[in-house]
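# Structure assessment
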Amino acid sequence: MKSLLIRNIHTLVTMNAAGEEIRGAAMLVRGNRIEALGPTGSVPAGDADEVLDLKGRHIVLPGLVNTHHHFYQHLTRAVPAAQDRELFGWLKTLYPIWARMTPEGVRASAKLCAAELILSGCTTASDHLYLFPNGSRLDDEIEAVAATGLRFHASRGSMSVGESQGGLPPDSVVEPESQILKDSERVIAAFHDPEPLSMLRIALAPCSPFSVSQDLMRESAALARSHRGVRLHTHLAENQRDLDYSREHFGQTPVEFAEAVNWLGSDVWHAHCVWLEEPGIARFAETGTGVAHCPCSNMRLASGLAPVVQMRAAGVAVGLGADGAASNDASNLLHEARQAMFSARVRALDAAAMTAREALQLATLGGARVLGREDIGSLAPGMAADFIAVNIDTPQLAGALHDPVAGLVFCGEDRVDYSFINGRCVVKERRFLPFDLAPVTAEVNRLSHAMING
Ligand SMILES: [Zn+2]
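Below is a summary of the structure that appears in this document.

### Focus: the nonpolar core
- One finds Phe71 and Trp98 to be the most contacted residues of the largest nonpolar core, which totals 121 residues.
- If sequence neighbours within four positions are ignored, Phe71 has contacts with Ser109, Ala110, Cys113, Ala114, Leu117, Ala125, Asp127, Glu141, Val145, Leu150 and Phe152.
- With 19 residues, the next largest nonpolar core counts Ile22, Val29, Ala389 and Phe420 among its residues.

The structure is reproduced here in structure tokens:
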């Protein structure tokens, strides 16, 4: 296996249990794993096949982890009629447009969205695709993402309760439950890799309490639990109308609903949880249930500010999600970490409610825990070679070099200079290497225009 030495790192942010940051560091990678790291001089360097000399101008961090997204929505960003709507109005405006999506739309949007995430430091992402119109399949997304080099957790989403059955989506975008379960089995068999350093895992992800039946929630949970490492994901407690729906249809709070359909556990993570209250937070902590915190989307749709500080204090696993791509509408994880820090402060009216380093922790270790991964999220011997390097010699970070790690979050840097995923260089000097983004951008614009103009 080939080895790579990264030397003259200004600061190496390990995210290990001690929160160690090493000034003047080096790191040796062999194949797709980290072999050694430490102060320059302590790392054996003699036999490296390749050397990347960062000349003391970069911070190196573990690759960021995105725990919630909808890549297909890259086709419908900033749609005028949906710009100023809350969640339910936003969804009802966009469902008929999404019904026109094609397999080529799924592929082009996934390629571009994954590339945008990678350029902002993301090296592992989960995506939630829950509608499959016009012959689209999860396979289309998986193939597209593989071309970007991103480590991927593909969620086989679903909607089964349309308007005629009291659900929110139009009947045209829901699927029969038997078909959903059969296809879920198929994609697990075809794609799911539960082994360490896996580049592709499957999760089962009925979309939300207001678009599927309780039966489908229960059966999806049972199906996932019959396969090692297949996790469960959905949306929960996103806004007040979501809470109203739960009360009116089930007579339950969202956490009571989740518990009743077997959706609490260390193999489950829920997106948003803006309106999680006690004893719900305690139940999440006791059961090891995770949360994908999506601050930009929650502010964009005016859903509220999630009680992230309380969740973390209670021991709940919390990671970041860019969400969207049409409810953010950026797909930038460094932005998301910054907004997580700010929104926690505003919610608590306390400038010390979340530090920059805690925001980076959410974006790395937190996300790894939420996705059930012990091989990513920190830099140490044996861990996956997923890491990013941010140039500190830029206008964005000027004047913050006394603490460039905090500056990375405070000052709004939003691009990485280098990204390595599974030992492979995918961003070099801010350039995305796997393919040319210009034709994919043109394709997304062409397909977006066709969908929005019917
Ligand atoms: Zn979502």
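Once you've had a look at it, read on.
### Structural notes on the coordination of the zinc ion
- At this site the zinc ion is bound by His68 (NE2), His70 (NE2), His235 (NE2) and Asp323 (OD), with donor distances of 2.0 to 2.7 Å.
- Angles of 83 to 173 degrees at the metal separate the four donor atoms of the zinc ion, which places the site in the irregular class.
- Counting along the primary sequence, the residues that act as donors to the zinc ion give the motif H-x1-H-x164-H-x87-D. Taken together, the residues His68 in the loop between strand E6 (64-66) and helix H1 (87-98) and Asp323 in the loop between strand E13 (317-320) and helix H11 (333-348) connect sequence positions 255 residues apart. For the residue pair His68 and Asp323, the accessibility class agrees, reading buried in each case.

### Notes on the pattern of salt bridges
- Taken as a whole and judged by the stated rule, the model has 27 salt bridges.
- Between Glu175 and Arg156 there is a salt bridge, and its shortest N-O distance comes to 2.9 Å. Of this pair, Glu175 sits in the loop between strand E8 (151-158) and helix H4 (177-191) while Arg156 is found in strand E8, placing the two residues 19 residues apart along the sequence.
- We classify Glu175 as buried; its relative accessible area is 11%.
- For Arg357, the salt bridge goes to Asp403, with nearest N and O atoms at 2.9 Å. Within this pair, whereas Arg357 is found in helix H12 (residues 356-370), its partner Asp403 is found in the loop between strand E14 (387-391) and helix H13 (404-410), the two being separated by 46 residues in sequence.
- Under the relative-accessibility criterion, Asp403 is labelled partly exposed at 28%.

### Observations concerning the packing of H11 against H12
- Contact geometry for H11 and H12: axes closest at 9 Å, N-to-C directions at 130 degrees. Viewed along their axes, H11 and H12 adopt a mutual orientation that is oblique. Relative to H12, the crossing made by H11 is right-handed. Residue-level inspection shows Ala337, Ala340 and Met341 of H11 in contact with H12, the latter providing Ala356, Ala359, Leu362 and Ala363.
- For the contact of H11 with H12, the residue count by class is seven nonpolar, no polar and no charged.

### Considering the pairing of E8
- Of all eight residues in E8, eight are buried, a share of seventy percent or more.
- What you see with E8 is no split at all: Arg151, His153, Ser155 and Gly157 on one side and Phe152, Ala154, Arg156 and Ser158 on the other are buried throughout.
- As defined by bridge partners, strand E7 (residues 122-129) adjoins E8 across six bridges and the pair is classed as parallel. Bridge pairing in E8 places Thr124 opposite Arg151.
- After leaving E7, the chain enters helix H3 (residues 138-146) and then returns to the sheet as E8, a path that is right-handed.

### Let's talk about the environment of Val230
- Along the chain, Val230 turns up in the loop between helix H5 (214-225) and strand E10 (231-236).
- The class for Val230 is buried, based on a relative accessible area of 3%.
- Here the alpha-carbon distance between Val230 and Asp244, two residues 14 residues apart in the chain, equals 30 Å.
- Once you skip the residues sitting within four places of it in the chain, Val230 turns out to touch Ile188, His192, Ile202, Ala203, Leu204 and Ala224.

### Concerning helix H2 (residues 103-119)
- The terminal C-alpha atoms of H2 lie 25 Å apart, and with 17 residues this matches the ideal 24 Å at 1.5 Å per residue to within 8%.
- For H2, the buried fraction is high: 14 of the 17 residues fall into the buried class.
- Backbone geometry just after H2 places Gly121 at a positive phi near 105 degrees.

### Brief notes about H5
- Helix length check: H5 (twelve residues) gives 17 Å between terminal C-alpha atoms against 16 Å at 1.5 Å per residue, within 8%.
- By the burial criterion, the buried members of H5 are Leu216, Met217, Ser220, Ala221, Leu223 and Ala224. Taken around the axis of H5, the buried residues stretch over an arc of 165 degrees, which confines them to a single face.
- With a side-chain oxygen lying 3.3 Å from the backbone nitrogen of Asp215, the N-terminal cap of H5 falls on Ser213.

### So, the packing of aromatic side chains
- As enumerated under the stated definition, the model contains twelve aromatic pairs in all.
- Measuring from centroid to centroid gives 6.0 Å for Phe71 and Phe152, while their planes differ by 15 degrees, and the two rings are stacked. In this pair, Phe71 is assigned in the loop between E6 and H1 and Phe152 in strand E8, connecting sequence segments 81 residues apart. Take Phe71 and Phe152: they sit in the same class, and that class is buried.
- Each ring, one from Phe432 and one from Phe435, has its centre 5.1 Å from the other, and the planes form 80 degrees; the classification is edge-to-face.
- Here the aromatic residues Tyr72, Trp90, Tyr95, Trp98 and Tyr130 are joined through ring pairs into a cluster of three or more.

### Quick word on the pairing of E14
- In terms of burial, E14 is largely enclosed, as five of its five residues are buried.
- Every second residue of E14 is oriented toward a common face, with Phe387, Ala389 and Asn391 on one face and Ile388 and Val390 on the other, all of them buried.
- Pairing geometry for strand E5 (residues 58-62) and E14, over five bridges, is antiparallel. Bridge pairing in E14 links Leu61 to Ile388.
- Pairing analysis gives three bridges linking E14 to strand E15 (residues 418-421), with the strands arranged antiparallel. For Ala389, the partnering residue across the bridge sits in E15 and is Tyr418.

### So, the side chain of His74
- Mapping His74 onto the fold places it in the loop between E6 and H1.
- Using a relative accessible area of 6% as the deciding quantity, one classes His74 as buried.
- Setting aside residues up to four positions removed in sequence, His74 forms contacts with Ser109, Leu112, Cys113, Glu116, Ala325, Ser331 and Val444.

Calculation notes
- Residue positions are given per chain, counted from 1 along the sequence in the order it is written.
- Selection of residues for local features in this predicted model requires a pLDDT of at least 70, selection of side-chain atom pairs for listing and counting requires 80 or more, and totals for whole chains, interfaces and linings are taken over all residues.
- Side-chain measures were taken over the full set of non-hydrogen atoms in the model, leaving aside hydrogen atoms and water.
- Among the buried residues, those of types Ala, Val, Leu, Ile, Met, Phe, Trp, Tyr and Cys that are joined through side-chain atoms within 4.5 Å form a nonpolar core.
- In this scheme, a residue with accessible area under 20% of its type's maximum is buried, one over 50% is exposed, and one in between is partly exposed, where area comes from a 1.4 Å probe on protein chains only.
- Residue contacts follow a heavy-atom distance rule, with two residues in contact if any of their heavy atoms lie within 4.5 Å.
- Water is absent from the atoms considered, so a metal site may look incomplete; donors are defined as N, O and S atoms within 2.8 Å of the metal, or 3.2 Å for Na, K and Ca.
- Geometry assignment treats four donors as tetrahedral when all angles are between 85 and 135 degrees, treats four as square planar and six as octahedral when opposite donors are over 155 degrees apart and all others between 65 and 115, and treats everything else as irregular.
- Think of it this way: any DSSP run of H or I at least four residues long counts as a helix, any run of E at least two long counts as a strand, and we number them from the N terminus.
- A carboxyl oxygen of Asp or Glu within 4 Å of a side-chain nitrogen of Lys or Arg is what we treat as a salt bridge.
- Fitted lines through C-alpha atoms serve as axes, helices being fitted only where they are in contact, and the angles separating the N-to-C directions of these axes extend from 0 to 180 degrees.
- Angle categories: roughly parallel below 35 degrees, roughly antiparallel above 145, roughly perpendicular from 65 to 115, and oblique for all the rest.
- Put simply, a crossing is left-handed when the front helix is turned counterclockwise from the back one by less than a right angle, and right-handed when it is turned clockwise.
- Residues are grouped as follows: Ala, Val, Leu, Ile, Met, Phe, Trp, Tyr, Cys and Pro are nonpolar; Asp, Glu, Lys and Arg are charged; every other residue, Gly included, is polar.
- Criterion used throughout: strands pair if DSSP finds at least two bridges between them.
- Here is how to tell: hold the view so the strands point away, follow the path from the first strand over the helix to the second, and if it runs clockwise the crossover is right-handed.
- What a helix should span is 1.5 Å times the count of its residues minus one.
- Note that the arc is computed from the directions linking the helix axis to the C-beta atoms.
- Polar contacts, as used here, are pairs of N or O atoms within 3.5 Å; protein pairs need one atom able to donate a hydrogen and one able to accept it. Residues neighboring in sequence count only if both atoms are side-chain atoms.
- Each aromatic pair joins two rings of Phe, Tyr and Trp (for Trp, the six-membered one) with centres within 6.5 Å, and gets the label stacked for planes under 30 degrees apart, edge-to-face for over 60, and tilted for any other angle.

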